[in-house]
Structures are given as C-alpha cells and as structure tokens.
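Letter by letter, the chains look like this.
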Amino acid sequence: MSYLSPQEYLFHRSPMLLIEQVNEVTAESVSCSVALDSSLLHPFFTPQGLPSYLGIELMAQTVGIWSGYHDKCAGRAAAHGGLILSVRAYVASAAFFHLCSTEPLNITMSMLMQERNYASFEGSITQGPNTLATGRLSLCQFDANLERKLGFN
C-alpha cells in the first residue's frame, strides 16, 4: 500500500518533524522509519550520536501518524496537535543511537487501548535485527475546539 508523506498526517513541521517514511498502518498498529543520516535528525545530533531520549518523540510521532491516517480515512481533518501524557517503561539500549549502520530506525507501535481522544500504545525502535528502545506511551489528541482555545489556529 502507498501512504502519503508523514507531514500529511502530523501537526509537526521542520525542524520537529522527525519521521521520514510511513511503512504500514493497520487498525491497531503503525510502523514508520527514518534514516539516522536523514537531514530531519541532523539538528539533534551530538558528537556521541542521536540522544536516545528522542526515541520517545519518534514513538509519539509514529502514533500521531496512526491517528492522522485514520482521521483522513474517515474524512476528518488530520494533523491535530497532541500531547504525551505519560511514558512508561521506556528503556533504551544505550544513551545514544549511533550512526554505525545504513539501516534506518524502524519505529513500530501497537495500540493497547483507545477512548475518544486518549490512547495508549506500546512499541519499539529497531535498527536491523537490533532493538534500540522499547516503551509505552499514553497520549491525547487535541480536537479543533481545544486547538482554538490554546491558540493553535
């Protein structure tokens, strides 16, 4: 299946748009990727590599793509903003993701529960056969009324 570019599903724009490609979206899961040498990640690199705490944002944006995709499929306006409510059990294999492979970072998230604008997902960041990080995120998506109150439009 062919998907639109990530910015068609997300509220984020450069330099905070970190996802490069949408790989798959299902009713309860999503998979996206970004190459470690992508210009999208360059603003965040340090001499040690990409800080692994950015994996939380990669996971959140992947969930945002899941939400935006389903909004577009249902005929609703996509790309509403959102908020990470909690991060549980985020474990990274190292403090930095290193540019030592041509393999992209693959971010896969699976829904645990959803109720209206709130959802919980769990997932992982892998590079080739290696798992670099795992974790669970609880998020809420803003609707147009809340965005207006917060001054987003």
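A brief report on the enclosed structure follows. The structure presented is a predicted model; accordingly, all values stated were derived computationally and were not measured. (Residues numbered from 1 in each chain as written. Predicted model: local features only at pLDDT ≥ 70, side-chain atom pairs only at ≥ 80, totals over all residues. Heavy atoms only, no water.)

Observations regarding the layout of surface pockets
So, point 1. In this structure, the largest pocket spans a volume of roughly 600 Å³.
So, point 2. In terms of lining residues, the largest pocket is bounded by 32 residues, among which Ser 67, Gly 81, Gly 82, Cys 140 and Gln 141 are the most central.
So, point 3. Secondary-structure elements contributing two or more residues to the lining of the largest pocket are helix H1 (54–73), strand E4 (82–92), strand E7 (118–127) and strand E8 (130–141).
So, point 4. Per-element accounting of the lining of the largest pocket gives the leading share, 10 residues, to H1.
So, point 5. Residues that form the lining of the largest pocket fall into these classes: 15 nonpolar, 12 polar and 5 charged. (1 Å grid on protein atoms, 1.4 Å probe; cavity = no way out; pocket = protein on both sides within 12 Å on 5 of 7 lines; lining within 4 Å. Points joined across faces, edges and corners; volume = space filled by probe spheres on them. Helix = DSSP H or I, 4+ residues; strand = E, 2+ residues; numbered from the N terminus. Nonpolar A, V, L, I, M, F, W, Y, C, P; charged D, E, K, R; others polar.)

Focus on the sheet that holds strand E1 (residues 21–25)
So, point 1. The antiparallel open sheet is built from 6 strands, whose spatial order is E1-E2-E6-E7-E8-E4. Edge strands, defined here as strands with exactly one partner in the open sheet, are E1 and E4. In this sheet, adjacent strand axes meet at a mean angle of 20° when their direction is disregarded.
So, point 2. Bridge analysis of E7 against E8 gives 10 bridges, and the strand direction is antiparallel. Pairing of Ser 120 across the sheet is with Ser 138, part of E8.
So, point 3. Where H1 meets the sheet, its contacts fall on E1, strand E2 (29–34), E4, strand E6 (105–115), E7 and E8, and the angle it forms with E8 comes to roughly 55°. (Pairing = 2+ DSSP bridges. Axes fitted to C-alpha atoms, helices over the stretch in contact; angles between N-to-C directions. Contact = heavy atoms within 4.5 Å.)

Remarks on the pairing of E6
So, point 1. Examined bridge by bridge, E2 and E6 share 6 bridges and lie antiparallel to one another. When the sheet's bridge partners are listed, Ser 31 is paired in E6 with Thr 108.
So, point 2. Relative to E7, E6 runs antiparallel, the two being bridged by 9 bridges. Across the sheet, residue Glu 115 finds its bridge partner in E7, namely Tyr 118.
So, point 3. Turn length for the E6-E7 hairpin, with the two strands adjacent in sequence and antiparallel, is 2 residues, and the turn residue Arg 116 shows positive phi of about 50°.

Here we look at the side chain of Ser 138
So, point 1. Checked against the element boundaries, Ser 138 lands in strand E8.
So, point 2. Among the polar contacts made by the side chain of Ser 138, one reaches the side chain of Arg 88 at a distance of 3.4 Å.
So, point 3. Among residues more than four places away in sequence, those in contact with Ser 138 are Leu 83, Ile 84, Leu 85, Ser 86, Arg 88, Ala 119 and Ser 120. (Polar contact = N/O pair within 3.5 Å; in protein donor to acceptor, adjacent residues only side chain to side chain.)

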